[in-house]
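Residue-level structure breakdown
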Amino acid sequence: MDMKWVSLTTSLMMHHVWYNHGELRPLPTLRSERELLRHHGDGLLRPICSYARVWIPDSEEVWRSAELTKDYKQGDTVLHLQLEDGTDLEHKLDLDPKTKNLPHLRNPDILVGENDLTALSYLHEPAVLHNLKVRFIDSKLIYTYCGIVLVAINPYETLPIYGTDIINAYSGQNMGDMDPHIFAVAEEAYKQMARDERNQSIIVSGESRGREDGFGQICYALLRYQSAARPARQNVEEKVLASNPIMEAIGNAKTTRNDNSSRFGKYIEIGFDKKYHIIGANMRTYLLEKSRVVFQADEERNYHIFYQLCASSHLPEFKALKLGSADDFHYTKQGRNPVIDGVDDAKEMSTTRNAFTLLGINESYQMGLFQVLAAILHLGNVDVKDRDADSSIIPPNNSHLMVFCELMGVAYQDMSHWLCHKKLKTAAETYIKPIPKLQAINARDALAKHIYAKLFNWIVDHVNKALHSTVKQHSFIGVLDIYGFETFEINSFEQFCINYANEKLQQQFNMHVFKLEQEEYMKEQIPWTLIDFYDNQPCINLIEAKMGILDLLDEECKMPKGSDDSWAQKLYNTHLKTCSLFEKPRMSNKAFIIQHFADKVEYQCEGFLEKNKDTVNEEQIHVLKASKFDLLVELFQDEEKATSPTGVVPATGGRTRLSVKPDKGKPDKSSKEHKKTVGLQFRNSLQLLMETLNATTPHYVRCIKPNDYKYAFTFDPKRAVQQLRACGVLETIRISAAGFPSRWTYQEFFSRYRVLMKQKDVLPDKKMTCKNVLEKLVQDPDKYQFGKTKIFFRAGQVAYLEKLRADKLRAACIRIQKTIRCWLARKKYLRMKHAAITVQRYVRGYQARCLATFLRRTRAATIIQKYQRMYVARSSYRRKQAAALAMQCILRAFMARQLYKALLREHKAIIIQKMVRGWLARQWYKRSLAAVVYLQCCVRRMRAKRELKKLKIEARSVEHYKKLNIGMENKIMQLQRKIDDQNKDNRSLTERLSGLEVTHAAESERLRRELSRLRCAEEEAKNSNNRVITLQEELERLRADLQNTQKEKKAIEEWAQKYQDEMEQMISELKDQNNLLKNEKDDLNRLIQEQGQQWTEKMQRALKEETTQLETDLNEERSRYQNLLSEHLRLEEKYDDLKEEISLTVNVPKPGHRRTDSTHSSNESEYTYNSEFAESEEGSRGVEDVTKASLDMALFLKLQKRVTELEQEKQGLQNELDRREEQFQRARARDDEEHKKARSAELEYESLKRQELESENKKLKHNLNEMRQSLMGNTGAVSAAPGSPAYKVLLDQLNSSNEELEVRKEEVLILRSQLVSQKEAMQHKETMTEPLHYVEDVQKLGDAKEISQAYMGLKDTNRLLESQLQAQRRSHESELEALRGELQSVKEENNRQQQLLAQNLQLPPEARIEASLQHEITRLTNENLVGTGHIRNG
């Protein structure tokens, strides 16, 4: 409660002081007590009439209100009064006329509760006290003006008067325009700094430190406004604010009168630049109460930071400090009440640490500070035991000392030794002397205080470094948070210094309020009535003058045997009889009394010397300097030797000389350069502070504690009046009402208030001009005075002039506004009139256009509806027509494909039959050919000679030549038909080849479409993966709810990370092996493709050679045909010769032999004819011989008969050859049909397998979509987290499956294309090359020997082709089996992937990672084994 009020009462929100330009409100002149008896007009003193209300002294309430029941007359010694509770009372007056004082009169009720005490009609102590009480208790107002002083009363309750809306309300207001508030003081300070370009100071003081947090709240108010105005400066302002909780933690403590009493003084200068924006700050501190570190009175506490540390000892980072409860440490439990109601020390510790961080003190430095503080607490628990009367000892292995040494980084033995010993040095020797227990405890406490003081100074230095700005400071506003006047039952050196500082501040206040003002008045030579006031310079001289208390104290500290008692005697001898302000207590020789401006205070001399010297054992400091703790070394790096001014520590008891060797080193400088005493340092810093304050314009805030029990809105008159007297509020009232607080130079006044002057009032002499204007503006000449260089105004007159100036400017502004507004209104009217006419014109035109538009739109709507309905009907018809056409197209295409397949099967069957029949015919022909050839050879040799003559005779006949001609013509026609058939076959083969190319192109195009469709399916799968990602993100967010298992999860993740690293290494190795295997596989596939390409090229070459052979045969046939024609011509010539010879023959019968031509003309008949023709040629030559020797006709007839028989036999053999050839072709067609059926069955099985693979792929995609939909149904509309382990597992599995599927599809397509190309090549070779070749060869063969050779060659060729066909069939079957195995493995792999994916989705996230890794390892291992097996088999 107290801390909150303290922060409220001193909240000088300077960010609202920028805009004020007024002065204090008018203050009435002081009304003398003699006015109580003054008549209105005659100037005579009249008696006080009855029913007048007065104030009388009271022992309990200080002042009580009473009412006169009887008129008072001069000479009366008793006043008849009636108290407010109805009690009658007789108040006796002093009988001495010179000292007789009448009771103070009460102010009228209308003036009660005024916000400015100087505005009261009757200004005296009871009126001030009553006004404050009424405002505080009845109106709940804690602020009241007292002239230039703001009086603040602690409400011990949080009030809603410091919000942003209150700040905005006070912004730009004059100090007296609104209710008193701390914001108004801050506003006034900033306004004067900006207007007068003079530095300002705000002095916040009051007894028992009832305004401790005012420093922080002032800075907070200033900086919050600056942050709103200039966000870029927010960092500087936050640092200034952050310094307050730090200084509170290390410098504030609980006392019997205040829960947050500041035990040091501080003055902060908030710097501003030329634009009056905050740029930085600097802090100075005064007289830290170090004794509180080691001692606290009942119901008091040590500094807050120690209790904050103890309350935060449970934190992990504080475990090493080995702290506990505050009751466990001697330095924090002496007050026996370590807890402040409503204060959470642990929370305050967090605030302190945040402030350290904001000021740039990092975590390591913070822990170092806390380590030093914890070491101080442990040092206080070090137990010192008596060894004997003159020495002491610390028990070995003292736990707290061990902790202290561990935290401070020093040796246990050294610190334990020097806590119980001290070193004495002389010119020649050095002694180490043990000290008794009491001195050892004092040395321990002195070390603790010294360490804390060093730490305090270090923190202050770093705070100043953090608040320092590199920008040049233009001006500043200083906020002084100084001690209030203190008086306790036991007052020591600290209270003496505090009250000394308050004496200096009170003197400065008096100098500012009255003394300097009177000097200024006299300097300016204006009329002024000197007013007596209390000057506390004698009290200050008693303390700080030559041979004053501080001088005597410093002198006693320099004495080797100086003590508190001897110092007290010196004080008595020096000041007891010479200074009325110094007294000696009756019952004590170790104390003295000083009459301060506020009250008499009795000080106990005990401890003054020790606290003033502030000594600590030098050897203990050396031990600390040798520490391994960097922060501790930094604290003592500039340490001066903390010894007594004489260099010898006074002691009692015996001496133990341990060393008599002279110190040969350099003499210790500490014995020559004495350290300044605390009193001297404080006096110098106080003098510097006074110089700073005197160079600035001060503003005063006096804080009052209404009670000592910290009750909310409870007013204790005794405590309040005591503080009012101590802080000089009453003196302020009296002086402020009588003086001239405001002053202006003539030039400043002329420049400022030129607007109030008329042109005729302006004279060359500025002084006369100002006088003339003031006489017109201010009717009362007592309200101002003219000096030599300045004009002096009473309180409130400048505000009055500012009001006149503002009214004049406002009137001028109104006139200007009136004229401009008239002109603007006229211009606006004209514009509006013109605009109205224009608007009417355009509106009427718009309405007409709207009507026309409506009519056009109505007609257009009708047309649109007509066409829309037509469009709908036409669209419906077109959709139905398109659907019907599509159905018809699909149905017709299906029927066409069925018909095409039936025709294709029939055509294939015919081809197979043709091949089989051709094979059977060739087989029969081969068997018959050998017999026919052999028989022809034998028979022709035998009969040739027998029929020679007969043939010669027959050859000469005319019928024979006719038959020969007829046979030749038939042969020529047969040859021509054969040539036509061969050309027709070539054209059909060319058409079949082009058809196969078209079919191959269509199949390629279909496969490309299938590939694009599969790629689209892959894109759909990827899109589905995105939905899986959203689900995984939701699963990742749900993991955040498992906070209670984070530690176990962390351990598992570390193990999983290690396992994952190993697995990734293994996977990388397996992937490398897999890549090698894949490369080998690619090489094998490339080799197969190259072999297929070579085979195709070989088949093409064979086809080309066969075509070349056919062309060669055709050319040979043509040459033979030409030979036949030439033979035919030669035979015709011979025929003519024979005809002439026959005509000469008499009775020669014509031969009746008729040659039967072979109408099935073949190559064999042609060759037979050629042989017969050759024989006939020979016969013709024989006939010529016979003709010459008279022909034998009988022989001729026999030969003709033999020729007829031979022709019949030839015809039989030819029929048998045709039958055998037909059987061979049928067998060949049967084999080809069986082979084609097998190949078609294999291709159909391969197609079915491919279709099954595609259906399995579609099934997997369908299952994956169902699984995603089920997951989306379970999790709702919650999105997943990409990048999670489960997401990665699913994505990797899906990608691997897709890649494996693509690889398998490519392999199937490659192998299928190879099989189709090889099949087409074989069919092309078998259908186009072999039958024609064999038939043409058979037809061409005529001779028996040639037929036999051709037959043997044909058999060899057939065997070779059959063996090649069987080898290719076996290779194709093996490849087909391999493809079937690969398809089956792909199907199994897809099923396994699907099962694994379903299992992984059911597992928790942690198990998914392990399962996915195990699956990947297994897959890569299998692929590696399979690849290794292929390599070994290959």
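Scroll up to find the structure this text is about.
A few words on the overall build of the protein. Looking only at helices and strands, the protein features 35 helices and 24 strands. In the protein, once contacts between residues fewer than 6 apart in sequence are set aside, the share between residues at least 24 apart is 76%. Carbon and sulfur atoms make up 54% of the accessible area of the protein, which amounts to about 75,200 Å² in all.

To continue, consider the side chain of Lys-290. In this structure, Lys-290 sits in the loop between β12 (278–286) and α7 (304–311). Residue classification places Lys-290 among the buried positions, given a relative accessible area of 15%. In contact with Lys-290, other than residues within four places in its own chain, are Tyr-303, Lys-449, Ala-453 and Asp-614.

Moving on: empty space enclosed by the protein. If a probe as big as a water molecule is rolled over the atoms, it shows which places are left empty. Evaluated as defined, the whole model comprises 17 cavities of 30 Å³ or more. Its volume calculated, the largest cavity comes out at about 170 Å³. Forming the boundary of the largest cavity are 19 residues, of which Ser-205, Asn-502, Arg-702, Ala-726 and Cys-727 lie nearest the centre. The element best represented in the lining of the largest cavity is helix α14 (residues 493–524), accounting for 5 residues. Its residues assigned to classes, the lining of the largest cavity shows 10 nonpolar, 7 polar and 2 charged.

Attention now moves to the sheet that holds strand β5 (residues 104–105). Judged by pairing direction, the sheet is antiparallel, and its 5 strands sit side by side in the order β4-β3-β2-β1-β5 without closing on themselves. Unpaired on one side and paired on the other, β4 (88–92) and β5 mark the two borders of the sheet. Here helix α2 (residues 125–138) sits on the sheet and contacts β1 (53–58), β2 (62–68) and β5; the angle it forms with β2, its principal contact strand, is near 100°.

Together, Ile-816, Ile-820, Trp-823 and Leu-824 make up an exposed nonpolar region whose accessible area comes to about 400 Å². Look at Ile-820 and you get partly exposed, because its relative accessible area is 43%.

By convention here, two paired aromatic rings are described through the distance between centres and the angle between planes. Overall, the coordinates contain 28 aromatic pairs when judged by the stated rule. Measuring from ring centre to ring centre gives 5.5 Å for Phe-318 and Phe-370, while their planes differ by 85°; the resulting arrangement is edge-to-face. Here Phe-370 lies in helix α10 (residues 363–380) and Phe-318 lies in the loop between α7 and α8 (330–333), a separation of 52 residues in the sequence. Here the two residues Phe-318 and Phe-370 agree in accessibility, since each one is buried. Ring centres of Tyr-784 and Phe-786 lie 5.3 Å apart, and the angle between their planes is 75°; this geometry places the pair in the edge-to-face category. Every member of this aromatic cluster is reached through a ring pair, and the members are Phe-493, Phe-496, Trp-567, Tyr-572, Phe-582, Phe-592, Tyr-603 and Phe-608. The ring centre of Tyr-307 lies 4.0 Å from the NZ or CZ of Arg-301, which sits over that ring.

This part takes up the sheet that holds strand β20 (residues 600–604). Pairing in this open sheet of 3 strands is antiparallel, and the strands run β18-β19-β20 from one edge to the other. The strands lining the two open edges of the sheet, one partner per strand, are β18 (582–583) and β20. Bridging between strand β19 (residues 591–595) and β20 involves 5 bridges; their strand directions are antiparallel. Paired with Phe-592 across the bridge in β20 is Tyr-603.

The next point concerns a positive patch on the surface. On the surface, a cluster of positive charge is made up of Arg-826, Lys-827, Lys-828 and Arg-831. The topology assignment puts Lys-828 in helix α26 (residues 797–946). Looking at Lys-828, the relative accessible area reads 47%, which means it is partly exposed.

With that settled, consider the pattern of salt bridges. As enumerated under the stated definition, the model contains 32 salt bridges in all. The partner of Asp-58 in a salt bridge is Arg-64, and the shortest N-O contact between them spans 3.9 Å. We note a salt bridge from Arg-1013 to Glu-1010, for which the minimum N-O separation is 2.1 Å. Placement of both Arg-1013 and Glu-1010 in helix α28 (residues 958–1039) is noted, with a separation of 3 residues, approximately one turn of the helix. On the basis of relative accessible area, Arg-1013 is assigned to the partly exposed category, the value being 33%. Overall, the relative accessible area of 17% leaves Glu-1010 in the buried class.

Attention shifts here to the pairing of strand β17 (residues 475–481). Within β17, 7 of the 7 residues are buried, leaving the element largely enclosed by the surrounding structure. Here β17 shows a buried face lined by Ser-475, Ile-477, Val-479 and Asp-481 and a second buried face lined by Phe-476, Gly-478 and Leu-480. Taken together, the 5 bridges between strand β8 (residues 200–205) and β17 define a ladder with parallel strand orientation. Along β17, the bridge assignment pairs Val-204 with Asp-481. Sheet topology places strand β11 (residues 265–272) next to β17; 7 bridges connect them, and they run antiparallel. Of the residues in β17, the one forming a bridge with Glu-269 is Gly-478.

What counts as what
Residues numbered from 1 in each chain as written. Predicted model: local features only at pLDDT ≥ 70, side-chain atom pairs only at ≥ 80, totals over all residues. Heavy atoms only, no water. Helix = DSSP H or I, 4+ residues; strand = E, 2+ residues; numbered from the N terminus. Contact = heavy atoms within 4.5 Å. Areas by Shrake-Rupley, 256 points an atom, 1.4 Å probe, with all protein chains shown as cover. Buried < 20%, exposed > 50% of the residue type's maximum accessible area, 1.4 Å probe, protein only. 1 Å grid on protein atoms, 1.4 Å probe; cavity = no way out; pocket = protein on both sides within 12 Å on 5 of 7 lines; lining within 4 Å. Points joined across faces, edges and corners; volume = space filled by probe spheres on them. Nonpolar A, V, L, I, M, F, W, Y, C, P; charged D, E, K, R; others polar. Pairing = 2+ DSSP bridges. Axes fitted to C-alpha atoms, helices over the stretch in contact; angles between N-to-C directions. Patch = residues over 30% accessible without salt bridge, like charges linked within 9 Å, V, L, I, M, F, W, Y side chains within 5 Å. Salt bridge = Lys/Arg side-chain N within 4 Å of Asp/Glu carboxyl O. Phe/Tyr/Trp six-rings, centres within 6.5 Å; stacked < 30°, edge-to-face > 60°. Lys NZ or Arg CZ within 6 Å of the ring centre and 35° of its normal. Lys, Arg positive; Asp, Glu negative; His and termini not counted. Charge placed at Lys NZ, Arg CZ, Asp CG, Glu CD.

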